[in-house]
Amino acid sequence: MEKDPLRGTAAIPLSVPPSSYQALGDQHSRQNTVNGNQHRGFSVSSDDDMIDITTTGTVTERSIHYDDPGVSHFAADGDEIPGIGQYEDFHTIDWQRDIARDRMRHRYIVKRKQNSLFDLVKGAHDAWSGWVCVLLVGVTTGVFAGVIDIGASWMSDLKHGICPEAFWLNREQCCWSSNETTLSFDIGNCSQWLNWSEVLGQSREGAGAYIIGYLMYVAWALLFASLAAALVRMFAPYACGSGIPEIKTILSGFIIRGYLGKWTLIIKSVGLMLAVSAGLSLGKEGPMVHIACCIGNILSYLFPKYGRNEAKKREILSAAAAAGVSVAFGAPIGGVLFSLEEVSYYFPLKTLWRSFFCALVAAFVLHSINPFGNEHSVLFFVEYNNPWIFFELVPFVGLGIIGGVIAAIFIRANLYWCRYRKTSRLGQYPVTEVLVVTVVTAVIAYPNPYTRMSTSELIYLLFRKCGVTNMDLICDYNRNFTDVKSSIELAPAGPGVYEAMWLLVLALIFKLVLTVFTFGMKVPCGLFIPSLCFGAIIGRIVGVGMEQLAYNYPSIWLFSGECSTGKDCITPGLYSMVGAAAVLGGVTRMTVSLVVVMFELTGGVRYIVPLMAAAMASKWVGDALGSHGIYDAHINLNGYPFLDSKEEFAHTSLAADVMQPKRNETLSILTQDSMTVEDVETLMKETEHNGFPVIVSRESQYLVGFVLRRDLNLALAQARRAVEGLRPNSLVLFTSSSPQQPPEPSSPAPLVLKNILDMAPITITDQTPMETVVDMFRKLGLRQTLVTHNGRLLGVITKKDVLRYIKQLDNEDPNTVLFN
């Protein structure tokens, strides 16, 4: 049985088993509802708990001054009620309330700065605490990224062999001390590195060596994948997947306890190294955003300004997301733009500066660690010298169109498979699914050298420009290299190039199909690197075709005479780079941040125009074939309450059409001075609402304010402990004045709960257009708004009501919105 948002306890998403949820740790139990069955919440460590808040709404009183001796109080003046103002798990925060609370706190600190030296120091600490927090986040993220890069590189090479003299070195580092030059991307040619066949006493070449290498490759892949799946299943179920859809939802103001906790951070980091090393068709770049946000969430608790305020905490998380992309690609500016364009919901100017600083620090720390072992901090550094020809914009745009089509096909196929996984018995065996996909991937990948190598290595090979030292099949041209210093000339493709093209086509089909089944499994898995690989393969094939066209017909008008001199005027690696951007843009629907990430990723600043053309063409085609990118599609699939600010509400309807309850239905309300403790408790037992409007009286239904169910429960529980003589017939007052009629001498003193009342809730009229209502929810970050008519209360509209209504208008199932 599913319960309504802000009208009941949120339902647990069906994609994760109830036993995996880390629920509230605030000493009182919460009931979750899954398919009509009650499950008690599980305890969680303190770093995932929400910090107590003193006030709610726009209330300015921190305590109530009691002038009436006949009125009882549940807390002494200035005391805090533990838990007041906290948010339930799987619920939306109130941005307006939290921002107002931060302004109150800031004014209070500024007012006291002149009182004493201690208050002055406290004010200075408050002023620079944000910069210190993002500095710590940047440093920690850079360290984690360096460890993950080094660990993944070492374990990936472990599938092929080992360095006997220093087992902790990967293949490239092992061969640095060798005088031999590694000319091929095949398994190392230096004598320092031993293949597994050599370790077992066999020769380096031959059928026996191939079989041993094949078996060891599959065995190591199975070991790594099984460890990753087991760690995720046992210790941190939230560590699976990319994490970016959930990060987008959390940054929009949603609470998922444990998703950014310390166990998720540890298991995601270790599991990511294992999953990448297993050779699965996934990347580590997307999960780095999740890891960085975990770091930001944990470190924010060192600063109460951010740890105790959910809206302020999301400023730190936005900066952490920028740092995650910065260390994933070595692209700090692209990371800031990615956080702004793709994941952040609220991004003020101060957050922009801090995100830039955080991304800069993270990139600097990663560069200092130097996990790639070269002077470049970027992942795929290229050195192209040739300018692009104007006519080449045509194939660049063509690559954008192809990228958009492939991205749309991939998204549809992946969504179909993920939906099938959720609704079938397959979802009950996540570890088995991981092992089956791993076996299939390893068995098929090993015979093809382009699928046997890591995906990052393949992308770098495709981006590279063929030269004297690159002797791979893909560079088998009939060129004359007698003069090493001379520029490379146009040359006919040799048989190795044609063989490489066929192998690349097979690699594309293999990786495209396997990624459909891999993305969404219960291991950490990203989509950036596989998407770049799809496009890089397509781009390289198109680039080689254009290069051979220029060789055979150098004087045609298409090339504007640039190729008539015989010099190398076409760069296939550039086409590979543009194709990679096209597919990634089609999958994620990024534009500005994608172009910046790509030229930072490769160092190819002079090729911004081709990248822009391909990115825009890819986005247009992708939007025409499917309305959502992969992350937004997974948000919809999982039913997260996310209102996309980029989508327009094009329907003509009014607030009265969406509000709950409908006209002529009963509205559950509280009155300001005429209900008893027993009446309030009965109302909460009979309803599942997560908030109650407070009105003057049932006869005069003018709005007074709004009170949250959680705050009301906590206040009543505190009153039972602290107030002597509290009876079921004690009046509950949401006003500081006593009732108009004096109480009888024998009647108990009333209970004043005005301090938990939000006296300035956002209200609209029943004739307000829904376009305006949706904009209010998006731009103000509302949890709910109250609907009135001539000042009288009619109903409530919550975020879930808006999402359900939009789905109904789009002919989708409104019940897929699981919680709020």
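Before reading on, note that the structure itself is shown above.
To keep things clear, this report deals only with the structure shown in the data block. Please read these numbers as outputs of a predicted model, since none were measured by experiment.

### Notes on the sheet that holds strand E8 (residues 703-708)
The strand order E5-E7-E8 describes an open sheet built from three strands, whose pairing is mixed. Two strands in the sheet have a free side with no partner beyond their single neighbour: strand E5 (670-671) and E8. In terms of strand pairing, strand E7 (residues 691-695) meets E8 through five bridges, oriented antiparallel. Paired with Ile695 across the two strands is Leu703, which belongs to E8.

### Topic: the pattern of salt bridges
This model, assessed by the stated rule, comprises 17 salt bridges. Close ionic contact of Asp102 with Arg105 constitutes a salt bridge, the shortest N to O distance being 2.8 Å. Residue Asp102 and its partner Arg105 are both found in helix H1 (residues 95-112); the two are separated by three residues, about one turn of the helix. The shortest N-O distance in the salt bridge between Asp126 and Arg105 comes to 2.4 Å. Of the two residues, Asp126 sits in helix H2 (residues 117-158) while Arg105 sits in helix H1, which places them 21 residues apart along the sequence.

### Structural notes on the pairing of strand E12 (residues 784-789)
In terms of residue burial, E12 counts as a mostly covered element, since five of its six residues are buried. Sheet analysis places strand E11 (residues 763-765) next to E12, joined by three bridges and oriented parallel. Within E12, the position partnered with Thr763 by the bridge is Leu786. Handedness of the crossover joining E11 and E12 through helix H26 (residues 770-780): right-handed. Two elements, E12 and strand E13 (residues 792-798), share six bridges in a ladder whose sense is antiparallel. Paired with His789 across the two strands is Arg792, which belongs to E13. Here E12 folds back onto E13, and the loop between the two strands holds two residues, one of which, Asn790, carries a positive phi near 55°.

### What to know about the packing of helix H24 (residues 677-686) against helix H25 (residues 709-722)
One can describe the packing of H24 onto H25 by two numbers: an axis separation of 12 Å at closest approach and a directional angle of 140°. On the basis of the axis angle, H24 is oblique to H25. Between H24 and H25 lies a crossing of left-handed hand. Between H24 and H25, the contacting residues are Val677, Val680, Glu681 and Met684 on the first element and Arg709, Leu712, Asn713, Leu716 and Arg720 on the second. Split by residue class, the contact of H24 with H25 holds five nonpolar, one polar and three charged.

### Regarding the state of the cysteines
If you walk through the whole model with that rule in mind, you get one disulfide. The partner cysteine of Cys163 in its disulfide is Cys174, sulfur to sulfur 2.1 Å. Sign of the S-S torsion, about 75° for the bond between Cys163 and Cys174, identifies this disulfide as right-handed. Here Cys163, found in the loop between strand E3 (161-162) and helix H3 (171-174), pairs with Cys174, found in helix H3; they are 11 residues apart in sequence, far enough to count as distant. The same class applies to Cys163 and to Cys174, which are both buried. In this structure Cys293 is a free cysteine whose sulfur lies 7.4 Å from that of Cys294, the closest cysteine sulfur available. Residue Cys293 is classed as buried on the basis of its relative accessible area of 1%.

### Some details on helix H10 (residues 310-329)
With 20 residues, H10 ought to run about 28 Å at 1.5 Å a step, and its terminal C-alpha atoms sit 29 Å apart, in line with that. In terms of burial, H10 is a largely internal element, 20 of the 20 residues being buried.

### Topic: the packing of aromatic side chains
For the coordinates displayed, the defined rule picks out 18 aromatic pairs. When the ring of Tyr345 is compared with that of Phe642, the centres are 6.0 Å apart and the planes differ by 65°; the resulting orientation is edge-to-face. Of this pair, Tyr345 sits in the loop between helix H11 (332-343) and helix H12 (349-369) while Phe642 sits in the loop between helix H22 (630-638) and helix H23 (655-658), and the two are 297 residues apart along the sequence. Phe642 matches Tyr345 in its accessibility class, with the two residues each being buried. A connected cluster of aromatic rings, assembled from ring pairs, spans Tyr210, Tyr214, Tyr217 and Tyr446.

### Things to note about the sheet that holds E13
Pairing between the strands of a sheet is mediated by backbone hydrogen bonds and can be parallel or antiparallel. Ordered by their spatial adjacency, three strands build an open sheet running E11-E12-E13, and the pairing between neighbours is mixed. Both outer strands of the open sheet, E11 and E13, are each paired with one neighbouring strand and no more. Strand-to-strand twist across the sheet, computed as the mean angle between neighbouring axes with direction ignored, equals 35°. Docked against the sheet, H26 engages E11, E12 and E13, running at close to 60° with respect to E13.

Parameters and conventions
- Residues numbered from 1 in each chain as written.
- Predicted model: local features only at pLDDT ≥ 70, side-chain atom pairs only at ≥ 80, totals over all residues.
- Heavy atoms only, no water.
- Pairing = 2+ DSSP bridges.
- Helix = DSSP H or I, 4+ residues; strand = E, 2+ residues; numbered from the N terminus.
- Salt bridge = Lys/Arg side-chain N within 4 Å of Asp/Glu carboxyl O.
- Buried < 20%, exposed > 50% of the residue type's maximum accessible area, 1.4 Å probe, protein only.
- Right-handed = clockwise from strand over helix to strand, strands pointing away.
- Axes fitted to C-alpha atoms, helices over the stretch in contact; angles between N-to-C directions.
- Parallel < 35°, antiparallel > 145°, perpendicular 65-115°, else oblique.
- Left-handed = near helix turned anticlockwise from the far one by under 90°.
- Contact = heavy atoms within 4.5 Å.
- Nonpolar A, V, L, I, M, F, W, Y, C, P; charged D, E, K, R; others polar.
- Disulfide = S-S within 2.5 Å.
- Expected span 1.5 Å × (residues − 1).
- Phe/Tyr/Trp six-rings, centres within 6.5 Å; stacked < 30°, edge-to-face > 60°.

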